[in-house]
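Geometric and topological summary
What follows is each chain in one-letter form.
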Amino acid sequence: PLNAILGMSEQLRETLPPGAAVQQAEAISTAGRGMLRLVNDLLDLSRMEAGRLELQRTAVPVAGEMDLIRSLFGPRAAERGITLDAAASANLPPVLWLDEGRFRQIANNLVGNALKFTPAGGAVRIRLERAENAAGSELVLEVKDTGCGIPQEVQAGIFQPYVQGLSENRPSSDPGTGLGLAIVRQLVQLMQGTVSLQSQPGAGATFRITLPLQLPPESFEPLQTSRAPAPAMTAASAEPVSPLAAEHTAALQR
């Protein structure tokens, strides 16, 4: 049903003459995209809490992930006058063994939130690094913004479903549903990693994800079609859809 709404509203926008009707079609499309994100988030969270989500690891080029972040979020940052800096450290192997779709979901949630709460003239910094500890090598994803920060009293529960890090010092015209960080925490735990937050009001926020660093097995032979495509785009926008979108669409149709 949502695919039909988005598709038909896009066709209306392309065929209607300029005027109020086009604005109404745009309003339908915007509301439909918002509903699609909500349904995807709810289905993702429900499946993870039920223990029905399995990781699908594949060989993932590090440079490609950073390029994707820049291409997806660079235009939005530039439009709002925000500096976006995304880079991977030189000590990382060129290829990692990851569930690419889930890793992108984590990164997209964190970067999207950082941009949402960073004012014009601010900056969002994304780093993918390698760290060492007693257990071995770790993959570290750090997303840092110069926004208004998250109050201490909110931080304790911010990774719980439906909790939002909003206050009079951290306003947003798009408060969201409070599901994004809950999904991040669940995915990180599924990947046997950790997530942490450092923030003070007026001093921005830094989210740090650590995952076990794994290399592709020597026996892995990638096929031409084995690489996961970039996140699917809806017909009506350039916003990435959840990696489970195809499955969700089938569920909605059922």
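Presented here is a report on the structure given in the accompanying data block. Per chain, residues are indexed from 1 in the order of the written sequence. With pLDDT at 70 or above as the cut-off, local features in this predicted model cover only qualifying residues; side-chain atom pairs require 80 or more to be listed or tallied, and sums for whole chains, interfaces and linings still use all residues. With hydrogens and water excluded, all non-hydrogen atoms of the structure serve as input to the side-chain values.

Quick word on the overall build of the chain
- The helix and strand labels rest on DSSP assignments: H or I over at least four residues marks a helix, E over at least two residues marks a strand, and numbering proceeds from the N terminus. Within the chain one finds seven helices and seven strands.
- The burial tally for the chain puts 42% of its 254 residues in the buried class.
- By definition in these notes, contact holds between two residues if any of their heavy atoms fall within 4.5 Å. The contacts in the chain between residues at least 6 apart in sequence include a share of 70% that link residues at least 24 apart. Note on exposure labels: buried denotes an accessible area under 20% of the residue type's maximum, exposed denotes more than 50%, and partly exposed covers the range between, all computed with a 1.4 Å probe on protein chains only.

With respect to the pairing of strand β4 (residues 123–133)
- Strands pair, by our definition, only if DSSP identifies at least two bridges between them. In this sheet, β4 lies alongside strand β2 (residues 83–88) in parallel orientation, the contact comprising six bridges. Bridge pairing in β4 places Leu84 opposite Val124.
- Relative to strand β5 (residues 136–145), β4 is paired through 10 bridges, and the arrangement is antiparallel. Bridge assignment links Asn133 to a residue of β5, and that residue is Gly136.

Re unusual backbone geometry
- In this model, Gln192 sits at a positive phi of 65°, which is unusual for a non-glycine residue.
- You can call Gln192 exposed: its relative accessible area is 67%.

Focus on the environment of Glu142
- With respect to the helices and strands, Glu142 occurs in strand β5.
- The buried category is assigned to Glu142, whose relative accessible area is 15%.
- Sequence separation between Glu142 and Ser196 is 54 residues, and the spatial gap between their C-alpha atoms is 9.6 Å.
- For Glu142, the contacting residues outside a window of four places in its chain are Arg125, Ile126, Arg127, Thr206, Phe207 and Arg208.
- N or O atoms within 3.5 Å of each other form a polar contact, as long as, within protein, one can give a hydrogen and the other can take it, and as long as residues adjacent in sequence are counted only when both atoms are side-chain atoms. There is a polar contact of 3.3 Å between the side chain of Glu142 and the side chain of Arg125.

A closer look at the packing of helix α4 (residues 100–116) against helix α6 (residues 180–190)
- Put simply, α4 and α6 touch, their axes get as near as 10 Å, and they point 145° apart. In the crossing of α4 with α6, the sense of the turn from one axis to the other is left-handed. Residues Arg102, Gln105, Ile106, Asn109, Leu110 and Asn113 of α4 form the contact with α6, whose participating residues are Gly180, Leu181, Ile183, Val184, Leu187 and Val188.
- Each residue gets one label: Ala, Val, Leu, Ile, Met, Phe, Trp, Tyr, Cys and Pro are nonpolar, Asp, Glu, Lys and Arg are charged, and the others, such as Gly, are polar. Per-class residue counts for the contact of α4 with α6 are seven nonpolar, four polar and one charged. Geometry is summarised by axes, namely lines fitted to C-alpha atoms with helices restricted to the contacting stretch, and by angles between N-to-C directions that run from 0 to 180 degrees. Working rule for handedness: look at the near helix, and if it is turned counterclockwise from the far one by less than a right angle, call the crossing left-handed; if clockwise, right-handed.

Structural notes on the packing of helix α3 (residues 62–79) against α4
- One way to put it is that α3 packs onto α4 with a least axis distance of 11 Å and a crossing angle of 30°. Judged by the inter-axis angle, α3 sits roughly parallel to α4. Considering only the axes of α3 and α4, their crossing is right-handed. Along the contact surface, α3 presents Glu65, Leu68, Ile69, Leu72, Phe73, Arg76 and Ala77, while α4 presents Glu100, Phe103, Arg104, Ala107, Asn108, Val111, Gly112 and Leu115.
- Looking at the contact of α3 with α4 residue by residue, the class counts come to nine nonpolar, two polar and four charged. To sort the angles, those under 35 degrees are grouped as roughly parallel, those over 145 as roughly antiparallel, those from 65 to 115 as roughly perpendicular, and the leftovers as oblique.

Some remarks on the sheet that holds β2
- Ordered by their spatial adjacency, five strands build an open sheet running β2-β4-β5-β7-β6, and the pairing between neighbours is mixed. For this open sheet the edge positions go to β2 and β6 (194–199), each flanked by a neighbour on one side alone. Mean inter-strand twist for the sheet, computed between neighbouring axes without regard to direction, equals 20°.
- In this structure, β6 lies alongside strand β7 (residues 205–212), joined through six bridges in antiparallel fashion. By the bridge assignment for β7, Val195 is matched with Ile209.
- Contacting β4, β5 and β7, α4 crosses the sheet at an angle of about 25° to β5.

Looking at the side chain of Thr206
- By the secondary structure assignment, Thr206 is in strand β7.
- Setting aside chain neighbours within four positions, we find Thr206 in contact with Glu142, Val143, Lys144, Ser196, Leu197 and Gln198.

Thoughts on the environment of Ile69
- Following the sequence through the fold, Ile69 ends up in helix α3.
- In the structure, Ile69 is positioned 17 residues away from Ala86 in sequence and 7.3 Å away in space, judged by C-alpha atoms.
- Those residues in contact with Ile69 that lie beyond four places of it in its chain are Gly74, Leu84, Ala86, Ala107 and Ile126.

Let's talk about the pattern of salt bridges
- Here, a salt bridge means any Lys or Arg side-chain nitrogen found within 4 Å of an Asp or Glu carboxyl oxygen. This structure, assessed with the given rule, holds 10 salt bridges.
- Note that Arg130 is salt-bridged to Glu132, the shortest N-O span being 3.1 Å.
- Accessibility expressed as a relative area gives 32% for Arg130, which makes it partly exposed.
- A cluster of three or more residues bridged by salt bridges with shared partners is formed by Glu10, Arg13, Glu26 and Arg33.

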